[in-house]
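# Structural characterization, general
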Amino acid sequence: MEISLLSTIFDVLLGLSLLGLAWSALATTDLFKAVLLFIAFGLLMALVWVRLNAPDVALAEAAIGAGITGALMLSALARLNSPHTGRAIASHTTDPEKDPSIQWWPFISLVLVFIGLAYSVFTFSPAFMGLQPDVYSQLVNSGVENPVTAVLLNFRGYDTLLEMLVLFVALLGVWSLGENPAVKTPFISPVLDTLSRLLTPVFILVAAYILWVGAHAPGGAFQAGSILGAAGILLLLSGWQLRKDTSSLFFRVLLLAGPLAFVALAAITLLIQGQLLEYPPAQAGLLILILETFATLSIGVTLAALFLGGFPWSKNRALK
Amino acid sequence: MQMFYFAVAMFLLLTLIAGMWRIMRGPSTADRILAAQLFSTTSVAIILLLAQASDNSALQDIALVFALLAAVTAIAFVQRAWPAEEADNDNH
Amino acid sequence: MTIIDYLSIILIIIGAFFFLAGTLGLLRFPDIYTRLHALTKADNLGLGITIIGLMLQLESIMAVGKLLLIWLLVLLSGASVAHLIAKGAVQRKIRPWK
């Protein structure tokens, strides 16, 4: 068996298992099972990104799909459960006789969309490279060697600025729902305590490493930020009382550091160069590193704050 | 050698798919979490084998992130989401 | 194919076998404690042996160190999570299989 046949079988197996997981996750009525299937789906997606030659996306999917999404959804599920039944209440209340199990109109339109997409993908000429040659030709002027980082932080820096603001607005949306619910802290086992103490420095180190290596290898600000966010979630789950800190000024400065750094740099380049976010090629590398550092801190703090699930307590409120 | 790595990676993927059965069945929620842990550990091995097969050492960073985050989901379950009484849910 | 390649192949096959054992344990054992036992021990050992097999193929000390770090992290997380789940199961009065 030659290698391309083997890798094709691998990919087909992967794709089919993804489909199976997705179908089961949607078809089941037990919410716990659906959440777990979704987590497994995220883990397999990271493998798919690896096979599709997109290691930067795989890094982000590993950090977010393996850790943060799982923790977020399980935590949300715990709050949904009534304390008496202890089981997730499925909200499937339609009459099974009147409601067919397949909705025909959405199904037909989805099949049409799928056919259209498949047709356009299969009629791509194999020599079609998209924007790759343009990116690679300008890579030396961008200040970094990783084309993904160059596109995210330099060529399309404006999009990344907007993404930072979107993340911030998402946090504001969660905050608008109300105050931090007080979670009754269950007993923290010494094993969990020690684990959090041992793992958190490693988290921070790996995040810094991914941030640094993003200049010339897969990595970057979003991936490092998600790792920091996962570290924050681990600390919160292990009973560290971070709630008091979330109302402090330092915390809010960290939240805004990323978007503000982008906006400040955009303003400066607009004033000096006349073009939004046009870096002088000599300093481009340094500027990208500074931007990425602030972005990492912001993303990490934002993700951990999202896990808290509410507006930070004011300082005067007594801790329950 | 490259083919050998791919073959073992595919074998591990098959064991992974077999483990999916436990997520579907597992009478209690804790069994499903165990299956998620299986997914994590086996994915680390698959990614390392793929990294060696395609001679792309950057993929080892992905395995590192997987290994790092393996515990977070399970800890979220144990600390927050595990119901105090396990109802006997054999109906799936 | 040098002797190191053969050694790697043998080690990786042994590691894959342990992975299979772990999954079989997860599928066939009767209750959560035994499944936890099978999964944690067999899978982590399989990963360790596979990593040793892969380490033999690498050329730089940094890469070897990275693989070692990966294994140690999985070991640490796996052991702690196994303890936490087992303790939680005992507290929720899940009875072991007799």
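Residues numbered from 1 in each chain as written. Chains lettered and ligands numbered in written order. Predicted model: local features only at pLDDT ≥ 70, side-chain atom pairs only at ≥ 80, totals over all residues.

What follows is about the overall build of chain B. When helices and strands are counted, chain B shows 3 helices and 0 strands. Listed N to C, the secondary structure of chain B is α-α-α in terms of helices and strands. Here the C-alpha atoms of chain B give a radius of gyration of 16 Å, more than 25% beyond the 12 Å that 2.2 N^0.38 yields for 92 residues. Seen along its three principal axes, the alpha-carbon backbone of chain B occupies a region of about 50 × 25 × 10 Å. Burial analysis of chain B (92 residues in total) assigns 66% to the buried set. Across chain B, contacts joining residues at least 24 apart in sequence account for 54% of those joining residues at least 6 apart. (Helix = DSSP H or I, 4+ residues; strand = E, 2+ residues; numbered from the N terminus. Rg over C-alpha atoms; globule rule 2.2 N^0.38 Å. Buried ≥ 20, exposed ≤ 12 C-beta atoms within 10 Å, placed from the backbone. Contact = placed C-beta atoms within 7 Å.)

In this section: the overall build of chain C. Helix and strand counts for chain C stand at 3 helices and 0 strands. The helix and strand sequence of chain C, counted from the amino end, reads α-α-α. Computed over the C-alpha atoms, the radius of gyration of chain C is 16 Å, more than 25% above the 13 Å expected from 2.2 N^0.38 for a compact globule of 98 residues. If you line up chain C on its principal axes, its C-alpha atoms span 55 × 25 × 10 Å. For chain C, the residues scored as buried account for 39% of the 98 residues in total. Expressed as a percentage of contacts within chain C between residues at least 6 apart in sequence, the contacts between residues at least 24 apart total 67%.

Taken together, the contact pairs 45 residues of chain B with 53 residues of chain A. Within the residue set of the side of chain B that touches chain A, elements represented by two or more residues are α1 (2-25), α2 (29-53) and α3 (59-81) of chain B. Of all the elements, α3 of chain B adds the most residues to the side of chain B that touches chain A, at 17 residues. Within the side of chain B that touches chain A, the residues separate by chemical class into 33 nonpolar, 8 polar and 4 charged. (Nonpolar A, V, L, I, M, F, W, Y, C, P; charged D, E, K, R; others polar.)

The subject of this paragraph is the packing of helix α5 (residues 132-142) of chain A against helix α6 (residues 147-155) of chain A. Residue and element names in this part refer to chain A. In the contact formed by α5 and α6, the axes pass within 10 Å of each other and the chain directions differ by 70 degrees. When the interaxial angle is binned, α5 and α6 end up roughly perpendicular. As α5 packs across α6, the resulting crossing turns out to be left-handed. Across from Val-135, Tyr-136, Leu-139 and Ser-142 in α5, the residues of α6 making contact are Pro-147, Ala-150, Val-151, Asn-154 and Phe-155. Across the contact of α5 with α6, the residue classes tally to 7 nonpolar, 2 polar and no charged. (Axes fitted to C-alpha atoms, helices over the stretch in contact; angles between N-to-C directions. Parallel < 35°, antiparallel > 145°, perpendicular 65-115°, else oblique. Left-handed = near helix turned anticlockwise from the far one by under 90°.)

As a further point, take the interface of chain C and chain B. With 37 residues of chain C at the interface, the matching set in chain B holds 39 residues. Sorting the residues of the side of chain C that touches chain B by element identifies α1 (3-28), α2 (32-55) and α3 (61-91) of chain C as the ones contributing at least two each. Residue contributions to the side of chain C that touches chain B peak at 15 residues, all from α3 of chain C. Partitioning the side of chain C that touches chain B into residue classes produces 24 nonpolar, 8 polar and 5 charged.

Residues and elements named next belong to chain B. Mean pLDDT over chain B: 86, with 91% of residues reaching 70 or higher. Across chain B, element-level confidence peaks in α2 with a mean pLDDT of 92 and bottoms out in α1 with 90. In the predicted structure, residues 87-92 sits below a pLDDT of 50 and forms 11 contacts with residues beyond four places in sequence or in another chain. (pLDDT = per-residue confidence, 0-100.)

The subject of this paragraph is the nonpolar core. In this structure, Ala-40, Ala-63 and Ile-227 of chain A together with Ile-47, Ile-62, Phe-66 and Ile-75 of chain B are the most contacted members of the largest nonpolar core, which totals 137 residues. Element by element, the count of residues in this core is highest for α3 of chain B, at 18 residues. (Core = buried A, V, L, I, M, F, W, Y, C linked by C-beta atoms within 7 Å.)

For the rest of this paragraph, the subject is unusual backbone geometry. Here Asn-53 of chain A, not a glycine, exhibits a phi torsion of approximately 65 degrees, which is positive. Unlike most non-glycine residues, Lys-93 of chain C shows phi in positive territory, near 60 degrees. Note that Lys-93 of chain C resides in the segment after α3.

This next bit is on the packing of helix α3 (residues 55-80) of chain A against helix α9 (residues 221-237) of chain A. Residues and elements named next belong to chain A. Running from N to C, α3 and α9 point in directions that differ by 20 degrees, and their axes come no closer than 9 Å. Relative to α9, α3 is oriented roughly parallel. Of the two possible hands of crossing, α3 and α9 adopt the one that is left-handed. For the pair formed by α3 and α9, the contact residues are Asp-56, Leu-59, Ala-60, Ala-63, Ile-64, Gly-67, Ile-68 and Ala-71 on the first element and Phe-222, Gln-223, Ser-226, Ile-227, Gly-229, Ala-230, Ile-233 and Leu-237 on the second. Each residue belonging to the contact of α3 with α9 can be placed in one class, and the counts come to 11 nonpolar, 4 polar and 1 charged.

Moving on, we get to α9 of chain A. With 17 residues, α9 of chain A should cover 24 Å at 1.5 Å per step; its first-to-last C-alpha distance of 24 Å lies within 8% of that length. Most of α9 of chain A is tucked away: 16 of the 17 residues are buried. (Expected span 1.5 Å × (residues − 1).)

Moving on to the environment of Ala-150 of chain A. Tracing the sequence through the fold places Ala-150 of chain A in helix α6. Note: C-alpha distance between Ala-150 of chain A and Ala-215 of chain A (65 residues apart in sequence) is 8.2 Å.

Of the residues in chain C, 100% reach a pLDDT of 70 or more, and the chain-wide mean stands at 91. Across the whole predicted complex the pTM is 0.88, and at the interface the ipTM reaches 0.90.

Residue and element names in this part refer to chain C. For Trp-97, the position within the fold is in the segment after α3. As for Trp-97 and Thr-34, which are separated by 63 residues in sequence, their C-alpha atoms are 8.5 Å apart. Discounting residues that sit within four places of it in the chain, Trp-97 has contacts with Pro-30, Asp-31 and Thr-34.

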